[in-house]
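Structure assessment
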Amino acid sequence: MAGGFLEGFKKIYTGKNIFAKHMYLVLLSLLISLPCSIATLNNEYSGSQSDIYRYIYVEYPLLGILCTIISLAIGIYIIHFMHNSLKYLVWKDNQTDEEKVNALDIMPEINLKMFKHFWKWIGFGIVWGIYIILFVILALLSCFIPGFHIPGIVLLLAIMVSIYFSIPFILMSFAKNYTAKGNFSPLLLFTYLPKIFLPSIVLYLKYIGIIILFCILGFTTFFIIFFIIGIIAGLSGMDFMSIKDLLNNVTTITMMTTIMMYFNLIISLAFYYAVACIYHNKFDINSPEQIDCEK
């Protein structure tokens, strides 16, 4: 389907300076993987997710600061990618010069302009974070009202579905022109649903399928690599503990996590490209006046 995952993957790997752009994503993946790897090793793989968060954000807050900064850098990159994706789809529908259309990159350039709308995005995210927390709390509290347990659970499920289905499109509406105007109403969680419910089900099914395929391929690849390393190390006369130390060190774990994080980013970008296509079709975003289409 045009505008789907496959077209998204193709666009992600085409354009000017594409190697530098992907090296930037690899670098971000590396910088966010390193603290997680250190925390995992220091918890000897037995710590829960909360133990890892405590290690990063409480015991060693510098690691937490690094994770937060890199997460924000990833987030603002995705916002610009979403804007460019929608811009490309609009451009494609309004230009007759196919070569000119295909020359429009959706992968953002690596420069300080990426942070031009940073504070708008932060404010937008804080407001919607508060909305989501309040909605979930109210739904949870309703589950404890006497005689309202079942309706409360149904309400909670309905709110969670609304959040998962609507938030990507609310975010896309913000990314369209980097403006919060018209995007702050909490009712948008529910008013978007009638138009995007069925396409979102298909979208998430595809997304889950791609994630499962990625996990299978990833684990298979890592198993083969470690199996080969184990054989080579064994033939070299290394004992079991030496082989274990070779595999269970911060460099190896960081490398594995970085690879997984990078491909997770790529899948997320393809997901948002597909979101842009649905948004473009369902909300009639087909006029150059509705989005900045200047190249």
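Quick summary incoming for the structure in this document. Keep in mind that what you see is a predicted model, and the values were worked out from it rather than measured.

**Observations regarding the overall build of the protein**
Scanning the protein from terminus to terminus reveals 11 helices and 0 strands. Order of helices (α) and strands (β) in the protein, N terminus to C terminus: α-α-α-α-α-α-α-α-α-α-α. The buried share of the protein, reckoned over its 295 residues, is 41%. If you take every contact in the protein between residues at least 6 apart in sequence, the share linking residues at least 24 apart comes to 79%. Surface exposure of the protein reaches about 16,400 Å², of which carbon and sulfur atoms provide 72%.

**Quick notes on the packing of aromatic side chains**
All chains considered together, the criterion is met by 20 aromatic pairs. Measuring from centroid to centroid gives 5.0 Å for F118 and W119, while their planes differ by 85°, and the two rings are edge-to-face. Taking the relative accessible area as the measure of exposure, F118 reaches 13% and is therefore buried. Residue classification places W119 among the exposed positions, given a relative accessible area of 68%.

**Focus on a nonpolar patch on the surface**
A contiguous nonpolar patch, built from F223, I224, F227, I228, I231 and I232 and spanning about 610 Å² of accessible area, is present on the exposed surface. By the element assignment, F223 lies in helix α9 (residues 193-235). Taking relative accessible area as the criterion, F223 reaches 58% and is therefore assigned exposed.

**Description of the environment of D105**
Tracing the chain through its elements places D105 in the loop between α5 (98-102) and α6 (118-142). Sequence separation of D105 and F81 is 24 residues, and the distance between their C-alpha atoms is 9.4 Å. Among the polar contacts listed, one links the side chain of D105 to the backbone nitrogen of K16, at a separation of 3.1 Å.

**Observations regarding the nonpolar core**
Soluble globular proteins tend to bury their nonpolar side chains together. Formed by 71 residues in total, the largest nonpolar core has its most connected members in L25, I79, M82, M107 and I196. Counting residues per element, this core draws most heavily on helix α4 (residues 61-94), which supplies 15 residues.

**Brief notes about helix α3 (residues 49-59)**
Within α3 the residues assigned to the buried category are I52, Y55 and I56. Looking down the long axis of α3, one finds its buried residues gathered within 85° of arc, a one-sided arrangement.

**Let's talk about the state of the cysteines**
Across all of its chains, the model carries 0 disulfides by this definition. Unpaired in terms of disulfides, C67 finds its nearest cysteine sulfur in C36, a separation of 4.7 Å. On the basis of relative accessibility, which here comes to 4%, the residue C67 falls in the buried class.

**Quick look at the environment of S37**
Its location among the elements puts S37 in helix α2 (residues 18-42). On the basis of relative accessibility, which here comes to 1%, the residue S37 falls in the buried class. Discounting residues that sit within four places of it in the chain, S37 has contacts with V250, I253, T254 and T257.

The rules we used
- Residues numbered from 1 in each chain as written.
- Predicted model: local features only at pLDDT ≥ 70, side-chain atom pairs only at ≥ 80, totals over all residues.
- Heavy atoms only, no water.
- Helix = DSSP H or I, 4+ residues; strand = E, 2+ residues; numbered from the N terminus.
- Buried < 20%, exposed > 50% of the residue type's maximum accessible area, 1.4 Å probe, protein only.
- Contact = heavy atoms within 4.5 Å.
- Areas by Shrake-Rupley, 256 points an atom, 1.4 Å probe, with all protein chains shown as cover.
- Phe/Tyr/Trp six-rings, centres within 6.5 Å; stacked < 30°, edge-to-face > 60°.
- Patch = residues over 30% accessible without salt bridge, like charges linked within 9 Å, V, L, I, M, F, W, Y side chains within 5 Å.
- Salt bridge = Lys/Arg side-chain N within 4 Å of Asp/Glu carboxyl O.
- Polar contact = N/O pair within 3.5 Å; in protein donor to acceptor, adjacent residues only side chain to side chain.
- Core = buried A, V, L, I, M, F, W, Y, C linked by side-chain atoms within 4.5 Å.
- Arc of directions from axis to C-beta.
- Disulfide = S-S within 2.5 Å.

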